[in-house]
Amino acid sequence: MARAAVLGRLNWRVASVAEFVDETPRTRTLVLDVDGWPGHRAGQHVDVRLTAEDGYQAERSYSIASGPSNGKLELTVELIEDGEVSPYLVGEARHGDTFEVRGPIGGWFAWDPAQGGPLLLVGGGSGVVPLRSMLRARPPDVSARLIYSARTLEDVIYRNELEALGDDVVLTLTREQRDGFHTGRVDADLLREAGVPPAQEPRIFVCGPTPFVESVASELVALGHPAERVRTERFGPTGR
Amino acid sequence: MTPISRGFRGRSRPDAPADRVPPGQYVTDDFPVLSAGPTPHTPLDQWTFTIEGEVDEPRSWTWEEFRALPSEQVTKDIHCVTKWSKLDTQWEGVSIDTLLDGVETEADYVLAFCDGGYTTNLPLEDVTGGKAWVAFAYGGEPLEAEHGGPARLLVPHLYFWKSAKWARGLTLRNEDAPGFWEQYGYHNYGDPWREQRYWGD
């Protein structure tokens, strides 16, 4: 295809760990130096490839956590207990370690400031990662509301950064009650109360585990948002 | 040169035979769901499957008519571009050969269209000759909506996004045109054995 010729192949690039931040007991943000990183759009993801000394390789996909203007590439990875790649990225990788990345990938679950807002972002668990990239990409004149569901306060990723956004962020905890936070799943009531009304024609991005996305996307359509404005990204229990 | 990731050893090596797992894939037992938007729920009494485009005469089946067609049970390995492969998945569906039986066409391509606006493009020769089905059952049960029910394409020799969920028909075309994911950076053909994941692969 002509477009492919223009874009060229997405090559594997060497990434080295510049620093890392433990976000929660189960998630870590890796800040990466990537040779020749071409930049990305908020919401896109990358493929990661690890290579063992005997040549064995394993690949997985991870959402990009950083905003497009930050020169570094940041990935926030959740530990999957019986996973193959995430235990390495969350528990083993440290400053100077290297692996490969390929990307950026994906043009559907992505947002450019030029597309405007308002944005309605709904995240479950580590599904908040690509939404955080969108919040970082957002210019001051674009309004946004993030509704983010985590199990407990301890599981809230980017907590300080999100709390600094004030009313733009609504947190709900599904496994504990805390003053100042909603309790329970993201249901129709919370989406009606805290979401952006259909009349404002928000651009909607929903990311999280499959049952979360299934339920939230259905409720949003039931509330009157056109299905074509609800863009979703799901991850299953499979070993990420 | 490929950098070694210090301290990475990998899980115990795949127990599946190498000739069944394409490069860059890993085997999973569960069945992850991936889709671009809300799951559509078309009532069966409003469902049709249509063959149209470059054909002598379009044809269409209601759900009842479709289910009265001869179907086949097939066991296939499937490979998702997001890296998981699932072996020995069991499907029941109507062969696309059956749907195209007697159709006169000079088309070389098909564009599958679906509820929710999703499309995917394939060469006609990749959906004929016993290579593709419109599947309505998985694991002996009616296909669940989140997995593409009531019926989805099943084209197991290509990456699984080509097996379009919520399929409602095929447009036969003389010229190829990229479908949904194919316009968003994914490979136009999608052969997992050649690791054709993205544009330019």
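Residues numbered from 1 in each chain as written. Chains lettered and ligands numbered in written order. Predicted model: local features only at pLDDT ≥ 70, side-chain atom pairs only at ≥ 80, totals over all residues.

1. Focus: the overall build of chain B
- A count of helical and extended segments in chain B gives three helices and 11 strands.
- Listing every helix and strand of chain B by position from the N terminus yields β-β-β-α-β-β-α-β-β-β-β-β-β-α.
- Computed over C-alpha atoms, the radius of gyration of chain B comes to 18 Å, within 12% of the 17 Å expected from 2.2 N^0.38 for 201 residues, which places it in the range of a compact globule.
- Taking the principal axes of its C-alpha atoms as reference, chain B extends roughly 60 × 35 × 30 Å.
- Residues counted as buried form 41% of the 201 residues belonging to chain B. (Helix = DSSP H or I, 4+ residues; strand = E, 2+ residues; numbered from the N terminus. Rg over C-alpha atoms; globule rule 2.2 N^0.38 Å. Buried ≥ 20, exposed ≤ 12 C-beta atoms within 10 Å, placed from the backbone.)

2. Here's the deal with the confidence of the model for chain A
- Chain-level pLDDT for chain A is 92 on average; 94% of the residues reach the 70-or-more range.
- Counting interchain partners and residues more than four positions distant, the pLDDT-below-50 stretch residues 1-6 of chain A has five contacts. (pLDDT = per-residue confidence, 0-100. Contact = placed C-beta atoms within 7 Å.)

3. A word on the sheet that holds strand β3 (residues 45-51) of chain A
Residue and element names in this part refer to chain A.
- Taken together, the six strands give an open sheet; going across it, the order is β4-β3-β6-β1-β2-β5, and neighbouring strands pair in antiparallel fashion. At either margin of the open sheet sits one strand with a lone partner, and together these are β4 (57-63) and β5 (73-78). Mean inter-strand twist for the sheet, computed between neighbouring axes without regard to direction, equals 40°.
- Here four bridges tie β3 to strand β6 (residues 98-105), and the two strands are oriented antiparallel to one another. (Pairing = 2+ DSSP bridges. Axes fitted to C-alpha atoms, helices over the stretch in contact; angles between N-to-C directions.)

4. Remarks on the interface of chain B and chain A
- Each partner contributes residues to the interface: chain B has 35 residues there, and chain A has 43 residues.
- Considering only residue class, the side of chain B that touches chain A consists of 13 nonpolar, 15 polar and seven charged. (Nonpolar A, V, L, I, M, F, W, Y, C, P; charged D, E, K, R; others polar.)

5. Here's the deal with the pairing of β5(A)
- With respect to burial, β5(A) is a largely interior element, six of its six residues being buried.
- Here β5(A) shows a buried face lined by A:Leu73, A:Leu75 and A:Val77 and a second buried face lined by A:Glu74, A:Thr76 and A:Glu78.

6. Concerning the domain arrangement of chain A
Residue and element names in this part refer to chain A.
- Taken domain by domain, chain A consists of domain 1 (2-105) and domain 2 (113-235).
- Centre-to-centre separation of domain 1 and domain 2, based on C-alpha positions: 24 Å.
- Facing 14 residues of domain 1, the contacting portion of domain 2 comprises 13 residues.
- Elements supplying a minimum of two residues to the side of domain 1 that touches domain 2: β1 (13-24) and β5. (Domains from an automatic or database assignment.)

7. Topic: the nonpolar core
- The biggest cluster of nonpolar side chains holds 108 residues, and the ones touching the most others in it are A:Leu121, A:Met134, A:Phe205, A:Val206, B:Ala112, B:Val134 and B:Ala135.
- Here this core spans two domains, since at least three of its residues come from each of domain 1 (2-105) and domain 2 (113-235) of chain A.
- What A:Met134 contacts, discounting residues up to four positions off in sequence, is A:Ala42, A:Gly43, A:Trp111, A:Leu119, A:Leu121 and A:Phe205. (Core = buried A, V, L, I, M, F, W, Y, C linked by C-beta atoms within 7 Å.)

8. Some words on unusual backbone geometry
Residue and element names in this part refer to chain A.
- The amide bond that connects Gly103 to the next residue, Pro104, takes the cis arrangement and shows omega of 0°.
- Locating Pro104 in the fold gives a position in strand β6.
- The linkage connecting Gly117 with the following residue, Pro118, adopts the cis geometry, with an omega of -5°.
- In this structure, Pro118 sits in the loop between β6 and β7 (119-124).

9. Quick word on the environment of A:Asn160
- Among the secondary structure elements, A:Asn160 is positioned in helix α4 (residues 159-163).
- Between the C-alpha atom of A:Asn160 and that of A:Glu23, which follows or precedes it by 137 residues, the distance is 9.9 Å.

10. Quick look at helix α6 (residues 210-222) of chain A
Residue and element names in this part refer to chain A.
- With 13 residues, α6 extends 18 Å between its outermost C-alpha atoms, agreeing within 8% with the 18 Å of an ideal straight helix rising 1.5 Å per residue.
- When α6 is considered as a whole, its buried residues turn out to be Thr210, Phe212, Val213, Glu214, Val216, Ala217, Glu219 and Leu220.
- Contact partners of the buried residues in α6: β7, α5 (188-194), β11 (203-209) and β12 (230-235).
- Where α6 ends, the next residue or the one after it, Gly224, has phi of about 110°, a positive value. (Expected span 1.5 Å × (residues − 1).)

11. Comments concerning the sheet that holds strand β11 (residues 167-173) of chain B
Residues and elements named next belong to chain B.
- A sheet is described by the order of its strands in space; here five strands give the open sequence β3-β2-β11-β6-β7, paired in mixed fashion. The strands lining the two open edges of the sheet, one partner per strand, are β3 (59-62) and β7 (119-123). Here the average twist between neighbouring strands, direction ignored, is 15°.
- In the sheet, strand β2 (residues 48-53) pairs with β3 via four bridges, with the strands oriented antiparallel. Paired with Phe49 across the strands is Trp61, a residue of β3.

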